[in-house]
Amino acid sequence: MTVGYLRPTRILVDQNAIYENIQNELKDLKGTDAVIFPVLKANAYGHGMIPVAEAAQAAGAAGFCVAILDEALALRRANFMEPILVLGITQPTEIELVIANQISITVGSLEWLQAAYEIVQQIPYPQPMHIHLSVDSGMGRIGFRDATELLAAATFIKAHAKYFDLEGIFTHFATADDPDDTYFKEQSARFNELVAVLPERPRFVHVSNSATSLWHSACNENLIRMGISMYGLNPSGNAIPELPYALKPALSLESELVFVKQVEAGSKIGYGATYEASESEWIGTIPIGYADGWSRRMQGSTVLVDGHRCEIIGRVCMDQLMIRLPKQYPVGTKVVFVGKSGDDEITLQEIADYAGTIHYEIICGLSDRLPRVYS
Ligand code: PLP
């Protein structure tokens, strides 16, 4: 992907906000033995993996979580030597890379271990690969659901200690961000039941995503997979506004007016000619569109110009969109899509609500064409 450095549209990432959010979580964990593994998958939720990893490392992260092996290898290539856990399923055929780079991987079935065992025996200089057993306590995604199979997997690992090291066991909650904790409690109980079948607890036992560590910290165990809260966003959206500490959003998105004109009443704007000026209007064009992750669903939402709310009018194009200005503004005037302008602020939650989704999807959808600028 070619990055658009030469157009005035950019994501601004406040590394200090990431640092502070982790430090606040560490303060909250004081007196426990829990460590933080920031979740850096999907290009650090769109914020840029390496600069976020740097801020997280400086703040005291003990390791990292990613979704796929490629992300783990990118961190190793950037010289991050902390433990890195791949949360998704890694192909058994890739285990030579896993071992060579000392990556910790998630295993969710005995069948996977048996397949890996066949392959690992053919690797010339095997070292034990670090395994975290995933328990499906109710998320229904990946992991052991059955105590007998879980015990068989732990026994298999122990029997083949030359190749496998049981470093952790974990689960993922489906409703930790829900004010109703009934299902959370069921999942938690199921996880504890399954962990209890192991003859010994591995070094890391973990259950906490951001929502769990914010609102169910009594369940934390000893590793926190801190994702969205590290980026300064409330995991529940608006569902649970109370937080143990303030979260500082790290991301803003800005551009500039690149074309400004006055149109007559009746003038049409954009593909499909869906917008018609009702009177003489000032129209600004901004170089951002759905190819940058600013979806066509954002038609009718607002951006901030000089502290004023301005509506996106007509359809959002692939690379440009148009807004109605309250008056003439010069080309080069700043336009805020996410962040503050004057006394007003557009939050990612507002954008997500408008688009009918969650803020996670908005930030992960911001394309690589947008340059990320760090401060
Ligand atoms: N743990 C697992 C297994 C995940 O899949 C995720 C993200 O989806 C996280 C932790 C981090 O979640 P959050 O961003 O809500 O903290």
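These numbers come from a predicted model, not from an experiment.

### What to know about the site of the ligand
The immediate surroundings of the ligand are formed by Val39, Lys41, Tyr45, Leu87, Arg141, His172, Asn209, Ser210, Arg225, Gly227, Ile228 and Tyr360. Here an oxygen atom of the ligand sits 2.7 Å away from a polar atom, N or O, in the side chain of Lys41. Measuring from an oxygen atom of the ligand, one finds a side-chain N or O atom of Arg141 at 3.0 Å. When the residues that make up the shell around the ligand are grouped by side-chain class, the tally is 5 nonpolar, 4 polar and 3 charged.

### Thoughts on the packing of helix α3 (residues 49-59) against helix α4 (residues 69-77)
Two elements in contact, α3 and α4, have axes separated by 11 Å at closest approach and are oriented at 65°. The two elements α3 and α4 cross, and the hand of that crossing is right-handed. From α3, Met49, Ile50 and Ala53 reach across to α4, where they touch Glu71, Ala74 and Leu75.

### Quick word on the environment of Lys340
With respect to the helices and strands, the residue Lys340 is situated in strand β18 (residues 334-341). C-alpha separation for the pair Lys340 and Glu254, spaced 86 residues apart in sequence, amounts to 9.8 Å. Excluding its chain neighbours within four sequence positions, the residues that come into contact with Lys340 are Leu304 and Glu345.

### Re the pattern of salt bridges
Where side chains of opposite charge bring their charged atoms close, a pairing between them can arise. Tallied over the full model, the rule gives 16 salt bridges. When the shortest N-O distance is used, the salt bridge between Arg309 and Asp344 registers 2.9 Å. Of the two residues, Arg309 sits in strand β16 (residues 308-313) while Asp344 sits in strand β19 (residues 344-346), which places them 35 residues apart along the sequence.

### Topic: the sheet that holds strand β4 (residues 84-89)
Spatially, the 6 strands line up as an open sheet ordered β3-β4-β5-β6-β7-β8, and their pairing is parallel. In this open sheet, the two strands that pair with only one neighbour each are β3 (64-66) and β8 (204-206). For this sheet, the mean inter-axis angle between neighbouring strands, taken without regard to orientation, is 25°. Examined bridge by bridge, β4 and strand β5 (residues 104-107) share 3 bridges and lie parallel to one another. Directly across from Val86, in β5, lies its bridge partner Ile105. Packed onto the sheet, α4 meets β3 and β4 and runs at close to 165° relative to β4.

The rules behind the values
Residues numbered from 1 in each chain as written. Predicted model: local features only at pLDDT ≥ 70, side-chain atom pairs only at ≥ 80, totals over all residues. Heavy atoms only, no water. Near = heavy atom within 4 Å. Polar contact = N/O pair within 3.5 Å; in protein donor to acceptor, adjacent residues only side chain to side chain. Nonpolar A, V, L, I, M, F, W, Y, C, P; charged D, E, K, R; others polar. Axes fitted to C-alpha atoms, helices over the stretch in contact; angles between N-to-C directions. Helix = DSSP H or I, 4+ residues; strand = E, 2+ residues; numbered from the N terminus. Left-handed = near helix turned anticlockwise from the far one by under 90°. Contact = heavy atoms within 4.5 Å. Salt bridge = Lys/Arg side-chain N within 4 Å of Asp/Glu carboxyl O. Pairing = 2+ DSSP bridges.

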